[in-house]
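Coordinate inspection notes
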Amino acid sequence: MATETQSTSKDVAAIEERYQLATYKKMPIVAERGSGVWLYSGDGEKYLDLYGGHAVAGTGHSHPHVVAAIKAQAEKLLFYSNLVYSEARALAAAKLISVAPSELTKAFFCNSGTEANENAMRMARMATGRENIITFSGGFHGRTADAISATFLGKYRELGRPNVPGHLEAEFGNIESVYVLADETVAAIMLEPIQSMAGVRMASPGFYQSLRELCDEHGIILIYDEVQSGVGRTGDWFFAGSEAGSHVVPDIITLAKALGSGIPVGACLVTDRISASIKENDLGTTFGGGMIAMAAVSATLEAIENEGMLENVRAVEKYLRHRLKEIPYIVSVRGRGFLLGLEFPDKAATMHKALLDRRIITGTSSDPNVLRLLPPLCLKTGDIDLFVVKLKEVVNA
C-alpha cells in the first residue's frame, strides 16, 4: 500500500510538470489535506506548516467553521454578480468594517492582493486628480501591470516591463527620501508597513507617523498594503492603527491572503474621503464579492474573534522569541506577530531545505539570509517547541 501511494504521488507531480506552466520552484510535497497547522501529503507524511501557503491559511487548514460556512452557502447560491444585493456580501462587508479602524467606513471586494492594490491606486488617482504613486525600495505589491510597476524589489519590476509610468521609488524608512518626491503630482504613497518578501523589514514607528503628516500636508492619499500583514497576522487586526505604527491609520488598506482562509478574495477598506470620490462604474469586478468568498470572509473573521486568535498570536510570538534566544546562531528576529523573519549569518535556503527534510515548512525571502515564518494564527507553544528542537538539530548539524 505504501509503495502504491508513493507511486501515485509521483504521478501527480509528473502530471503537473507536464501540463502546468512553470511558475514557482516547488517543494517535493503532494499536498492532500490539512488540519490546523498540519499539512498531510499523499505519501502519508505530516508537516508542521509555518508558512501557510504564502500566509493564506490564517485560521489554519480547513478550519471547521469556515468549511461549514462555505458548504452552507454553496448549497444556496454559488455566485451572482454585484448587480444584485446579497446577504452574504452585506454581512461580510459589515463584519470587516466592524474590526477595522473607525476611520475606514466602506469596503470594496475583489479577487486578489494585486487587484486590491491596482484598485487602491486607481481610487487615489480619482480622489486627487493626480497621477504619480510613491512606493518603496523592497516593497512588493503584486504581478499585474500597475502593481508590478509599483514594486521595487529585485527582479520583479523588470519582469513587468514595459512598466506603467507614474511610479516613483523612495527609500523605505527614510522620510527625507519621500519629501524629495512628494509634490503636487503625487496621488498616493503606498507601502507594505512590514515588507515581507524583502526579508521582513519594518521601519521605526516615527516613520509611519511622518508619512501620515506628510500626506495630510500635501493632500496625498496614504495606502497600506496589508495583503500579508492584515487579518490578525501581527497580533492586531491590522498594522494600521496599531501601536507598532504609532496608531497611524491610512486612507486605504488593501487585503487578501488570509482574508478568506484559502478562498480567493481581496478587499480595499477606504475612508469617507475616498468613497465620496467614487461613482457608479468607476470600479468593477465580475467575481469580486461573490457569495462563496463572502461566506468565507465572514467565517474567517468570526473564527479569529471567537477563538481568541489575536491574543494567541501575541502570546505565542512572545514565547517563540524567548525560545529562539537558545539559538545564538540566529543573528536577529525581525517582524511582528506571525510575520517573522529569522536572520542567519549565511544562506537561509540551506536552513529551509534542512527543516523541510525534518517535516517543517518555512519560507525564504529576497534577503538570502532571512527565513520567513508565516504560520496559521492558531499555532501553539507545543508547535514552537517542536520547531525549536528541529531548528537546533539543523544548526548543530
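The structure this text deals with has already been given above.
This text gives an overview of the structure that appears in the document.

Turning our attention to empty space enclosed by the protein. Per the counting criterion, the structure on display carries one cavity of 30 Å³ or more. Each pocket or cavity is described by its volume, and for the largest cavity that value is around 40 Å³. Around the largest cavity, the lining residues are L50, L320, F338, L340, L373, P375, L379 and I384. Of the residues belonging to the lining of the largest cavity, the class tally is eight nonpolar, no polar and no charged.

With that out of the way, let us pick up the pattern of salt bridges. A pair can form between side chains of opposite charge whenever their charged atoms are brought close. Per the stated rule, a full pass over the model turns up 17 salt bridges. Where E158 meets R161, a salt bridge forms, and the shortest distance between an N and an O atom there is 2.7 Å. Classification of E158 by relative accessible area gives partly exposed; the value is 46%. Here D251 and R212 are joined by a salt bridge, their closest N and O atoms 3.0 Å apart. Here the residue D251 occupies a position in the loop between β10 (221–225) and β11 (252–255), and R212 occupies one in helix α9 (residues 205–218), the gap between them amounting to 39 residues.

What follows is about helix α5 (residues 113–128). Compared with the 22 Å implied by 1.5 Å per residue over 16 residues, the 23 Å span of α5 between its first and last C-alpha is a close match. Those residues of α5 lying buried are G113, T114, E115, A116, N117, N119, A120, M121, M123, A124 and T128. Backbone nitrogen of E115 and a side-chain oxygen of the N-cap are separated by 3.3 Å at the start of α5; the cap is S112. In the stretch just after α5, G129 is the one whose phi turns positive, near 75°.

We now examine helix α11 (residues 291–306). Taking 1.5 Å per residue, 16 residues should reach 22 Å; α11 reaches 22 Å between its end C-alpha atoms and fits that length. With respect to burial, α11 is a largely interior element, 13 of its 16 residues being buried.

So, about the nonpolar core. With 90 residues, the main nonpolar core has L96, I189, F238, F387 and L391 as its most contacted residues. Discounting chain neighbours no more than four positions away, the residues touching L391 are L324, I327, I330, L342, F344, M351 and L355. Ranked by size, the runner-up nonpolar core spans 19 residues in total, among them A116, M121, A188 and V270.

Strands sit in the order β1-β2-β3-β15 across an open sheet of four strands; the sheet is mixed. In this open sheet, the two edge strands, each paired with only one partner strand, are β1 (31–35) and β15 (360–361). Here strand β2 (residues 38–41) runs beside strand β3 (residues 46–49); their pairing, made up of three bridges, is antiparallel. In the strand pairing of β3, W38 is matched with L48.

Before going further, it helps to spend a moment on the sheet that holds strand β7 (residues 186–191). The strand order across the open sheet formed by seven strands is β4-β12-β11-β10-β7-β5-β6, and the pairing between neighbours is mixed. Edge positions in the open sheet fall to β4 (104–110) and β6 (167–170), since each of these has one partner strand only. The average undirected angle you get between the axes of adjacent strands in this sheet is 20°. Packing of helix α4 (residues 87–99) onto the sheet brings it into contact with β4, β11 and β12 (266–271), and relative to β4 it is tilted by some 135°.

Omega for the bond connecting R161 with P162 falls within 30 degrees of zero, at 0°, which places this linkage in the cis form. Tracing the backbone through its elements, the reader meets P162 in the loop between α7 (156–159) and β6. Positive phi, close to 60°, is recorded for V231, a residue that is not glycine. For V231, the location among the structural elements is in the loop between β10 and β11. Of note, the phi angle at N281 is positive, near 75°, even though the residue is not glycine.

Moving on: the environment of L355. Structurally, the position occupied by L355 is in helix α13 (residues 348–357). In the structure, L355 is positioned 33 residues away from V388 in sequence and 11 Å away in space, judged by C-alpha atoms. In contact with L355, not counting residues within four places along its chain, are I360, T362, L371, F387, K390, L391 and V394.

Attention now goes to the packing of helix α12 (residues 309–324) against helix α14 (residues 381–396). Orientation of α12 relative to α14, taken along the N-to-C sense of each, is 25°, at an axis distance of 10 Å. Between α12 and α14, the angle falls in the class roughly parallel. Our pair here, α12 against α14, has a crossing hand that is right-handed. Residues V316, Y319, L320, R323 and L324 of α12 touch α14, and the partners they reach there are T381, I384, D385, F387, V388, L391 and K392. Residues of the contact of α12 with α14, tallied by class, amount to eight nonpolar, one polar and three charged.

What follows concerns the layout of surface pockets. Empty space within the second largest pocket amounts to approximately 940 Å³. N82, R89, A107, F108 and L283 are, among the 25 residues lining the second largest pocket, the residues nearest its centre. Elements represented by at least two residues in the lining of the second largest pocket include exactly α4, β4 and β12. Element by element, the count of residues in the lining of the second largest pocket is highest for β4, at four residues. Partitioning the lining of the second largest pocket into residue classes produces 13 nonpolar, eight polar and four charged.

Counted by the stated rule, this structure contains zero disulfides. Lacking any disulfide linkage, C110 is separated from the closest cysteine sulfur, that of C268, by 5.3 Å.

What counts and how
Residues numbered from 1 in each chain as written. Predicted model: local features only at pLDDT ≥ 70, side-chain atom pairs only at ≥ 80, totals over all residues. Heavy atoms only, no water. 1 Å grid on protein atoms, 1.4 Å probe; cavity = no way out; pocket = protein on both sides within 12 Å on 5 of 7 lines; lining within 4 Å. Points joined across faces, edges and corners; volume = space filled by probe spheres on them. Nonpolar A, V, L, I, M, F, W, Y, C, P; charged D, E, K, R; others polar. Salt bridge = Lys/Arg side-chain N within 4 Å of Asp/Glu carboxyl O. Buried < 20%, exposed > 50% of the residue type's maximum accessible area, 1.4 Å probe, protein only. Helix = DSSP H or I, 4+ residues; strand = E, 2+ residues; numbered from the N terminus. Expected span 1.5 Å × (residues − 1). Polar contact = N/O pair within 3.5 Å; in protein donor to acceptor, adjacent residues only side chain to side chain. Core = buried A, V, L, I, M, F, W, Y, C linked by side-chain atoms within 4.5 Å. Contact = heavy atoms within 4.5 Å. Pairing = 2+ DSSP bridges. Axes fitted to C-alpha atoms, helices over the stretch in contact; angles between N-to-C directions. Parallel < 35°, antiparallel > 145°, perpendicular 65-115°, else oblique. Left-handed = near helix turned anticlockwise from the far one by under 90°. Disulfide = S-S within 2.5 Å.

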